Amino acid sequence: MRVIDTNESLKIFCDELKTQKFITLDTEFVREKTYFPKLCLIQVGYKEDAAIIDPLAEDLDLKPFFEILTNEKILKVVHSGRQDVEIFYHLTGKTPKPLFDTQIAASVCGFGRAVSYDSLVYEVTKVELDKSSRLTDWTLRPLDTKQLQYALRDVTFLIPCYEYLAQYLKSHNRTSWIEDETAMLSDEKCYCVDPDCAWQKIKHSAHSVHFLSALKELAAWRERRAIKYDVPKRSILKDEILVSIASSNPKTIDELKQVRNIRADISGGKLGVEILDVLEKARHMPMLNELKKIDREKKVHIPGSAAALMEVLRLLLKIKAEQEGVIESVIADENELRSLACGNDENNPVLNGWRYELFGKEALAFRKGLAFISYDTIKKKVVIEVKEKTKKKKED
């Protein structure tokens, strides 16, 4: 078991990593009591060896490893790596590059949209991983051998998974299929928090401009406060309380105290004063109809006139998915199909890249009345025919 907890051993390990074409990468972290995740372990593997870096070790300088993460000659392989990438971005201001996410790759290799690491390992290697240490408190020291072995398996078995998927993508000409998703995983913009957009993640049933304006300002205030003090957002105010406050829009402490389920220490304390200040500010801001437009677009509702087309598109999607051996939801989800049926083409992933070539092109043809589905009785298979070549563009 190789555990790196000194600067000298880290330098030696990083010198080894510099010679590799790819490394596998995973982290263990906790964030139950903080806004930002607290990094507890870094697991790294390559063909000949693997090691655990202990970022909690006293005086350990991770700079040599951070340089490995941004070394573009070394491919970094992760599984469902968004949170790992987020951790390194907040520590360094940069994302690891280049990246290969085995969960993304598996989605176009017949494993489904979000296959778990354990399931992928079993399908590729037939090894069933021990899960007994998955609830470990990774902040504790020392960690025992069993816990460290559990952590290390997250990168050692990732090696055969990566090799299998990379070969599958190459042999089936699907490497380009995952380029957009991988690019998004590496995009630093995805990890920049914008408090003014925090309200869009909150579920609610009211949709007036006055409500949305109050909710937007409250959510932004909560986000900034959570970042400033590095605490979970829910420890300040839960979503449902935020919605109740925005709905009632109190102007005084007494009115705030009447909000359903709000604690007395909040309504009568410093937070209560801050909440009223935020609401007062929101009341004096211009009422933007754009908020209502954004709110409505979070879910596309399908009118009756497009319902039949939606069913045809579902059938087309099912046929194409079976022909290519890909899970339907990997190609298009329900909201994307609704948008397509309603003619809302802007920013629809179905109309870009490999999804367009595989499904979107023919879906547009059906919408324009230029394609049909038939059954070939000789070949005994469903056939999709397009009357003429269609171009990828919006309808007038």
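The structure under discussion appears in the preceding block.
Nothing here was measured: the structure is a model prediction, and the numbers come from that model.

A. Just the packing of aromatic side chains, in detail. Within this structure, the stated rule accounts for eleven aromatic pairs. Ring centres of Phe-13 and Tyr-46 lie 6.4 Å apart, and the angle between their planes is 40°; this geometry places the pair in the tilted category. Separated by 33 residues along the polypeptide, Phe-13 in helix H1 (residues 7–17) and Tyr-46 in strand E3 (residues 38–46) bring together distant segments of the chain. Of the two residues examined, Phe-13 and Tyr-46, each falls in the buried class. Taking the centre distance of 4.9 Å and the plane angle of 80° together, the rings of Tyr-35 and Phe-36 count as edge-to-face. Residue classification places Tyr-35 among the buried residues on the basis of a relative accessible area of 12%.

B. How the structure looks around the sheet that holds strand E6 (residues 99–101). In space, the six strands of this open sheet follow the order E1-E4-E3-E2-E5-E6, with mixed pairing throughout. In this open sheet, the two edge strands, each paired with only one partner strand, are strand E1 (3–4) and E6. Where E3 and strand E4 (residues 49–53) come together, five bridges link them in antiparallel fashion. Bridging from a neighbouring strand, Tyr-46 pairs with Asp-49 of E4. Strands E1, strand E2 (22–30), E3 and E4 of the sheet are contacted by H1, whose axis makes an angle of about 45° with E3.

C. The packing of helix H16 (residues 307–324) against helix H18 (residues 334–342), seen in detail. Where H16 meets H18, the axes come as close as 9 Å, and the angle between the chain directions of the two elements is 125°. Here H16 is positioned oblique relative to H18, judged by the angle of their axes. The handedness of the crossing between H16 and H18 comes out as right-handed. Only Glu-334, Leu-337, Arg-338, Leu-340 and Ala-341 of H18 make contact with H16, whose side of the interface consists of Leu-309, Met-310, Leu-313, Arg-314 and Leu-317.

D. Summary view of the environment of Ile-104. Its place among the elements puts Ile-104 in helix H4 (residues 102–107). Between the C-alpha atom of Ile-104 and that of Ile-202, which follows or precedes it by 98 residues, the distance is 26 Å. Setting aside chain neighbours within four positions, we find Ile-104 in contact with Ile-178, Glu-181, Thr-182 and Leu-185.

E. Examining the nonpolar core more closely. Counting residues in each nonpolar core, the largest one holds 80 residues, and the members touching the most others are Ile-42, Val-44, Ile-53, Phe-65, Phe-100 and Phe-359. The greatest single-element share of this core, amounting to eight residues, is contributed by helix H19 (residues 353–367). The residues contacting Phe-359, other than those within four sequence positions of it, are Leu-313, Leu-316, Leu-317, Lys-320, Ile-331, Ala-332, Leu-337, Leu-340 and Val-350. In this structure, Tyr-35, Ala-198, Leu-212 and Ile-275 belong to the second largest nonpolar core, which totals 29 residues.

F. The arrangement of unusual backbone geometry in detail. With an omega of -10°, the peptide bond between Lys-97 and Pro-98 qualifies as cis. Its place among the elements puts Pro-98 in the loop between helix H3 (82–92) and E6. Along the chain, Arg-141 connects to Pro-142 via a cis peptide bond; the corresponding omega equals 0°. Tracing the backbone shows Pro-142 in the loop between helix H5 (117–125) and helix H6 (145–156).

G. Fine view of the side chain of Arg-222. Of note, Arg-222 is situated in helix H9 (residues 209–229). Classification of Arg-222 as buried rests on a relative accessible area of 4%. A distance of 2.9 Å separates a polar atom in the side chain of Arg-222 from a polar atom in the side chain of Asp-239. If sequence neighbours within four positions are ignored, Arg-222 has contacts with Ile-202, Lys-233, Ile-236, Leu-237, Lys-238, Asp-239 and Leu-242.

H. Region of the structure containing the pattern of salt bridges. Tallied over the entire structure, the rule returns 25 salt bridges. Between Glu-274 and Arg-225 there is a salt bridge, with its nearest N and O atoms 3.1 Å apart. One end of the pair, Glu-274, is in helix H14 (residues 270–283); the other, Arg-225, is in helix H9, and 49 residues separate them in sequence. In this structure, Glu-274 and Arg-225 share a single accessibility class: buried. What you see here is one network of salt bridges that share partners, running through Asp-196, Lys-216, Glu-217, Arg-224 and Lys-281.

About the thresholds
Residues numbered from 1 in each chain as written. Predicted model: local features only at pLDDT ≥ 70, side-chain atom pairs only at ≥ 80, totals over all residues. Heavy atoms only, no water. Phe/Tyr/Trp six-rings, centres within 6.5 Å; stacked < 30°, edge-to-face > 60°. Helix = DSSP H or I, 4+ residues; strand = E, 2+ residues; numbered from the N terminus. Buried < 20%, exposed > 50% of the residue type's maximum accessible area, 1.4 Å probe, protein only. Pairing = 2+ DSSP bridges. Contact = heavy atoms within 4.5 Å. Axes fitted to C-alpha atoms, helices over the stretch in contact; angles between N-to-C directions. Parallel < 35°, antiparallel > 145°, perpendicular 65-115°, else oblique. Left-handed = near helix turned anticlockwise from the far one by under 90°. Core = buried A, V, L, I, M, F, W, Y, C linked by side-chain atoms within 4.5 Å. Polar contact = N/O pair within 3.5 Å; in protein donor to acceptor, adjacent residues only side chain to side chain. Salt bridge = Lys/Arg side-chain N within 4 Å of Asp/Glu carboxyl O.

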